[in-house]
Amino acid sequence: MDNQHLSNIKLESGQFVAGRAKIYLDTIYWLKIRDCRTDKDKLLCNQLIKLTEAKKVILPISEITFWEILKQSDLNSLKQSALIIDKLSQGISIACEKDRQRLEFLNFVKGNLGKPQNNLNEMVWTKISLIILLPFFLKHDPEMLQAGFINFLSELSFENILNQLEATSNLKPFYYKDDIDALNYGKEKYKHENKSFHEMYLSELGGYLKEFEKDLNSYFEEFYFNETGNRVTDQERQSINHKSWKNMIYNLSRLKKLDDKLPSYRIFPEMNTVARWNKNRKYKDGNDTFDFLHVSSALPYFDYFFTERELSTMIKQRKLDEIYNCKVSSNIDEILEILNVNFT
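All of the points below concern the structure found in this document. None of the values given here were measured: they were computed from a predicted structure.

Reading the values: rules and limits
Residues numbered from 1 in each chain as written. Predicted model: local features only at pLDDT ≥ 70, side-chain atom pairs only at ≥ 80, totals over all residues. Heavy atoms only, no water. Helix = DSSP H or I, 4+ residues; strand = E, 2+ residues; numbered from the N terminus. Rg over C-alpha atoms; globule rule 2.2 N^0.38 Å. Buried < 20%, exposed > 50% of the residue type's maximum accessible area, 1.4 Å probe, protein only. Lys, Arg positive; Asp, Glu negative; His and termini not counted. Charge placed at Lys NZ, Arg CZ, Asp CG, Glu CD. Phe/Tyr/Trp six-rings, centres within 6.5 Å; stacked < 30°, edge-to-face > 60°. Lys NZ or Arg CZ within 6 Å of the ring centre and 35° of its normal. Pairing = 2+ DSSP bridges. Axes fitted to C-alpha atoms, helices over the stretch in contact; angles between N-to-C directions. Parallel < 35°, antiparallel > 145°, perpendicular 65-115°, else oblique. Contact = heavy atoms within 4.5 Å. Nonpolar A, V, L, I, M, F, W, Y, C, P; charged D, E, K, R; others polar. Arc of directions from axis to C-beta. 1 Å grid on protein atoms, 1.4 Å probe; cavity = no way out; pocket = protein on both sides within 12 Å on 5 of 7 lines; lining within 4 Å. Points joined across faces, edges and corners; volume = space filled by probe spheres on them. Salt bridge = Lys/Arg side-chain N within 4 Å of Asp/Glu carboxyl O. Polar contact = N/O pair within 3.5 Å; in protein donor to acceptor, adjacent residues only side chain to side chain.

Concerning the overall build of the chain
Then step 1. Check the secondary structure of the chain and you find 19 helices and 6 strands.
Then step 2. Against the globule reference of 20 Å for 344 residues, the chain gives a C-alpha radius of gyration of 21 Å, in line with a compact fold.
Then step 3. Buried residues in the chain amount to 47% of all 344 residues.
Then step 4. For the chain, the centre of its 48 positive side-chain charges and the centre of its 49 negative side-chain charges are spaced 4 Å apart.

Okay, here's the thing in structure tokens:
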């Protein structure tokens, strides 16, 4: 794979969004401006189109948005969703969760070693088509990923992708739901194990970091190679404490010293903790995982996040909007006011 060419496309994507306010729409708002069922929905849609065309704002999506949009079974509605996303996102997406985790960790290591850090706000942008199609070709036909073919993929719109899936009989509704019975059972069973919110958060964080322990070590080996030009040997690898990076992140969190660093490791477990800590809240619709991944995508790298009321409340309870300097709103009147005051 031509990694340098792929890096250049990501750099160009970062340059493309620079100077524009970045707005993350939760899926509910994409559907609102697609359908325009109310006068306010129409006003919001028209305002966003106007501001996008004036290059004042841009509305990149995430991989989570893509998969949620694919839950629709009505082909016409699905294609209309793709059209409005293509128009307002300009084909730009935020990098997938794993890529953001990698970039954040490498920057974290540099910072802890006193080395110059990268501006991640310039590095986390890519093309919608690449976050969706690149994993497929990496798995099935990596030799195709040369500069010309990567260029071809990068220019495909959301609509193009849908048309290709339809033409090859691969366009099927995406289905994923959390196991709400298991979540409610676990919440009830373990409700007395944690005496404080922070204690429960550390429990969630520990489990989350364990899932990425191998990734953290792999990222450090990448950092080591970038700094020294040498690969970690098998002998050196055997002498490494493979839990050290996981433990460092955990302990910094325990001491509340992580601040706004490593957001892709912090936000998801913290949102899960909010859901668990609220004794009266039941898991109902099976969408919490996707909802919390939206939050993790939006808060650290976007200026605005427009979402549903419950999610907005949960974010503000933990002051995550303030920590990551992202304006969060679930009220369409307030959203219209935000756009009018800041961009017209």
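That shown, we press on.
Digging into the packing of aromatic side chains
How two aromatic rings sit relative to each other is given by the distance of their centres and the angle of their planes.
Then step 1. Taken as a whole and assessed by the stated rule, the structure comprises 21 aromatic pairs.
Then step 2. Measuring from centroid to centroid gives 5.1 Å for Trp67 and Phe174, while their planes differ by 40°, and the two rings are tilted. On the criterion of sequence distance, the pair formed by Trp67 in helix H4 (residues 63-69) and Phe174 in the loop between helix H9 (158-167) and helix H10 (180-189) is long-range, its members being 107 residues apart.
Then step 3. Relative to Trp277, the ring of Phe197 has its centre 6.3 Å away and its plane inclined at 85°; by these criteria the two rings are edge-to-face. Placement of the pair is Phe197 in helix H11 (residues 197-211) and Trp277 in helix H15 (residues 263-277), with a sequence separation of 80 residues.
Then step 4. Judged by its relative accessible area of 13%, Phe197 is buried.
Then step 5. Its relative accessible area of 29% is what places Trp277 among the partly exposed residues.
Then step 6. Taken together, the ring pairs in this structure connect Phe66, Trp67, Phe158, Phe174, Tyr176 and Phe290 into an aromatic cluster.
Then step 7. Cation over ring: Lys32 sits above Tyr29, and NZ or CZ is 5.8 Å from the ring centre.

Thoughts on the sheet that holds strand S2 (residues 57-58)
Then step 1. Ordered by their spatial adjacency, 4 strands build an open sheet running S2-S1-S5-S6, and the pairing between neighbours is parallel. Sheet topology places S2 and strand S6 (327-329) at the edges, where each strand pairs with a single neighbour.
Then step 2. Two strands pair when backbone bridges link them, and strand S5 (residues 304-306) and S6 are joined in this way by 3 bridges, in the parallel orientation. Its bridge partner being in S6, Phe306 is matched across the sheet by Ser329.

Focus on the pairing of strand S1 (residues 21-25)
Then step 1. The element S1 is largely enclosed, with a buried count of 5 among its 5 residues.
Then step 2. Burial of the side chains of S1 extends over both faces: Ala21, Ile23 and Leu25 are buried on one face and Lys22 and Tyr24 on the other.
Then step 3. As paired elements, S1 and S2 share 2 bridges and run parallel to each other. In the strand pairing of S2, Ala21 is matched with Val57.

Comments concerning the packing of helix H6 (residues 97-112) against helix H14 (residues 244-254)
Then step 1. Running from amino to carboxyl end, H6 crosses H14 at an angle of 80°, the nearest separation of the two axes being 13 Å. Taken as axis vectors, H6 and H14 run roughly perpendicular relative to one another. On H14, the residues that touch Phe105, Phe108 and Val109 of H6 are Trp245, Met248, Ile249 and Leu252.
Then step 2. Grouping the constituent residues of the contact of H6 with H14 by class yields 7 nonpolar, no polar and no charged.

A closer look at H14
Then step 1. Here H14 has its buried residues at Trp245, Lys246, Ile249 and Ser253. An end-on view of H14 places all buried positions within 105° of arc, on one side of the element.
Then step 2. Residues of H14 that are buried make contact with H6, H11 and helix H12 (213-228).
Then step 3. Lys256, located one to two residues past H14, shows a positive phi value of around 60°.

Let's talk about the layout of surface pockets
The method is simple in principle: a probe with the dimensions of a water molecule rolls over the atoms, and the space it marks as empty is what remains.
Then step 1. Here the largest pocket is characterised by a volume of approximately 690 Å³.
Then step 2. Every residue lining the largest pocket is counted, 25 residues in all, and those nearest its centre are Leu6, Ser7, Lys10, Asp99 and Arg102.
Then step 3. Mapped onto the lining of the largest pocket, the elements with two or more residues apiece are helix H1 (3-17), H6, strand S4 (125-127), helix H7 (128-140) and H12.
Then step 4. For the lining of the largest pocket, the leading source of residues is H1, giving 6 residues.
Then step 5. A breakdown of the residues in the lining of the largest pocket according to their chemical character gives 15 nonpolar, 4 polar and 6 charged.

Some remarks on the pattern of salt bridges
Then step 1. For the structure shown, the criterion picks out 19 salt bridges.
Then step 2. As a salt-bridge pair, Asp35 and Arg37 come within 3.9 Å of each other at their nearest N and O atoms.
Then step 3. A relative accessible area of 71% places Arg37 in the exposed class.
Then step 4. The salt bridge involving Glu166 is made with Lys79; its shortest N-O contact spans 2.8 Å.

Quick notes on the environment of Asn230
Then step 1. Examined against the element boundaries, Asn230 turns out to sit in the loop between H12 and helix H13 (234-239).
Then step 2. Considering only alpha carbons, one finds Asn230 and Ile131, 99 residues apart in sequence, at a separation of 30 Å.

Thoughts on the side chain of Arg281
Then step 1. Counting through the fold element by element, Arg281 comes out in the loop between H15 and helix H16 (288-298).
Then step 2. By relative accessible area, which is 11% here, Arg281 ends up buried.
Then step 3. In terms of polar contacts, Arg281 uses its side chain to reach the side chain of Glu310, at 2.7 Å.

Some words on empty space enclosed by the protein
Then step 1. Counted by the stated rule, this structure contains 1 cavity of 30 Å³ or more.
Then step 2. Each pocket or cavity is described by its volume, and for the largest cavity that value is around 40 Å³.
Then step 3. Residue lining of the largest cavity: Lys187, Lys191, Met200, Arg276 and Lys279, and that is the complete set.

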